[in-house]
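Summary of the model geometry
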Amino acid sequence: MDFIGIDAVVFGVADLQQCQRFLDDWGTRRISAEHDCLVYETQDGAEIIVRHKDDPSLPPPIEPGNTVREVIWGAADADHLACALTRMGAPQPDADGMPRLIDPNGLSLAFRVSRRRSVTVTATPSNAPGSPMRIDRRSPVYDHADPVTIGHVVLFADNFAAMRTFYTDRIGFTVSDEYPGHGVFLRCQTPGPHHNLFILNRPGKPGVNHVAFTVSDIHEVIGGGIAMARHGWKTEIGPGRHPISSAYFWYFHNPLGAPVEYYADDDYCTEAWQPGVFVRKPELFAEWAIAGGIDGTTRRQVVALDDSGRGHA
Ligand SMILES: [Fe+2]
């Protein structure tokens, strides 16, 4: 349990200006916007770093086109980082001070003492008959999202077994739930959120499935998603709810690469959490979901076919 989460995700893209427009609308905070590099962050300081895909400073891509080029994992402190590095075989720091490994998919991982700040979010409580939790107070309506952190990354694995072993044994992540041989949800700390990494089996075609941003509650998922629709960004799927992890979600197409997700209210796992073993089926990806999203102007469902071909399971 040496890592506490994702400190940064580095993207390589064709069009930085489009990414700047998207990230401004997404609700992430602009730290700098140079012609060759964008840096944004979430509330807690998790970074989104965007460079041109041909920038020679980027690690090699694991798939064609715009995509994630590196994930930087943050350790709680120097002792935890040292412990993790020892387990990982003591990779030496590069010129920027960060040790790196390449996972079995070919994705670059870098490691550092986390620079994220502690942020406490109070989710809107719900009322139920006989147990009112929100008293003399209305539920909020968000006009945009303000992502708290980068919660998880989802990867398509060329060699699923090798990836599962690498991230559990070498990186030290814990299995929260699993589709044996097909998908595994991994968390980096206990107690902690349900997953920071989800690996899906896709032999011969490694890649990124999505990158997910945590927001406060379901109302921010909905308000944030409607705001993105109002800005003209297209829904991939959502809003909806995952039975596994329990989270509410909304995924958007974007110029960074694979879809990005707003999500909220995921399971929180202690030592008492019992990992589930499931057979993959669509109703475990979504209890319910809207394929075309909600129109930002009319606030009504957009009729669309789910033709993504991504499986959603
Ligand atoms: Fe997700």
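Each value, and the rule that gives it
Residues numbered from 1 in each chain as written. Predicted model: local features only at pLDDT ≥ 70, side-chain atom pairs only at ≥ 80, totals over all residues. Pairing = 2+ DSSP bridges. Helix = DSSP H or I, 4+ residues; strand = E, 2+ residues; numbered from the N terminus. Axes fitted to C-alpha atoms, helices over the stretch in contact; angles between N-to-C directions. Contact = placed C-beta atoms within 7 Å. Buried ≥ 20, exposed ≤ 12 C-beta atoms within 10 Å, placed from the backbone. Domains from an automatic or database assignment. Nonpolar A, V, L, I, M, F, W, Y, C, P; charged D, E, K, R; others polar. Core = buried A, V, L, I, M, F, W, Y, C linked by C-beta atoms within 7 Å.

Turning our eyes to something else, we now look at the sheet that holds strand β5 (residues 67-75). In spatial order, the strands read β2-β3-β4-β1-β5-β7-β6; together these 7 strands make up an open sheet with mixed pairing. Edge positions in the open sheet fall to β2 (29-33) and β6 (100-102), since each of these has one partner strand only. Across the sheet, the mean angle separating the axes of adjacent strands is 20° when strand polarity is ignored. Lying over the sheet, helix α1 (residues 16-26) contacts β1 (3-13), β2, β3 (37-41) and β4 (47-52), oriented at roughly 10° with respect to β3.

Here strand β16 (residues 257-264) lies mainly inside the structure; 8 of its 8 residues are buried. Pairing between strand β13 (residues 207-214) and β16: 4 bridges, direction parallel. The residue bridging A212 from the neighbouring strand is E261, located in β16. Looking at chain direction, strand β15 (residues 248-254) and β16 are connected through 6 bridges and run antiparallel. Bridge pairing in β16 places W250 opposite Y262. Where β15 folds back on β16, the antiparallel hairpin that results is connected by 2 residues.

It is worth spelling out the environment of H210 at this point. Looking at the secondary structure, you find H210 in strand β13. Placed 83 residues apart in sequence, H210 and N127 show a C-alpha to C-alpha distance of 33 Å. Setting aside its immediate chain neighbours within four residues, H210 contacts V154, Y251, A258, P259, V260 and E261.

By the element assignment, L155 lies in strand β8 (residues 149-157). Here the alpha-carbon distance between L155 and F198, two residues 43 residues apart in the chain, equals 6.4 Å.

Partitioning the protein into domains gives domain 1 (3-113) and domain 2 (149-289). Computed from C-alpha atoms alone, the centre-to-centre distance between domain 1 and domain 2 is 18 Å. Taken residue by residue, the interface counts 33 residues in domain 1 and 29 residues in domain 2. Secondary-structure elements contributing two or more residues to the side of domain 1 that touches domain 2 are β1, α1, β5 and α2 (78-87). For the side of domain 1 that touches domain 2, the leading source of residues is β1, giving 7 residues. In the side of domain 1 that touches domain 2, the residues fall into 17 nonpolar, 10 polar and 6 charged.

Note the cis peptide between T190 and P191, where omega equals 0°. Structurally, P191 can be placed in the loop between β10 (183-187) and β11 (192-193). Going from G238 to P239, the amide bond is cis rather than trans, its omega being 0°. For P239, the position within the fold is in strand β14 (residues 235-241). The phi angle at S245 is positive, at roughly 90°, despite the residue not being glycine. Its 20 C-beta neighbours within 10 Å are what place S245 among the buried residues.

Most often, soluble globular proteins have nonpolar side chains that are buried together. Of all hydrophobic cores here, the largest spans 78 residues; its most connected members are V9, V50, V71, V153, I199 and V221. The element contributing the most residues to this core is β1, with 7 residues. Viewed by domain, this core spans two of them, domain 1 (3-113) and domain 2 (149-289), each represented by three or more residues. Not counting residues within four places of it along the chain, the set of residues in contact with V221 comprises V215, P239, Y248, F249, W250, Y262, Y263 and A264.

The next point concerns the sheet that holds β16. Pairing in this open sheet of 10 strands is mixed, and the strands run β18-β9-β10-β12-β8-β13-β16-β15-β14-β19 from one edge to the other. Since the sheet does not close on itself, it has two edges, and those belong to β18 (276-277) and β19 (288-289), each with one partner. Where β10 and strand β12 (residues 197-201) come together, 4 bridges link them in antiparallel fashion. Note that in β12 the partner of V184 across the bridge is I199.

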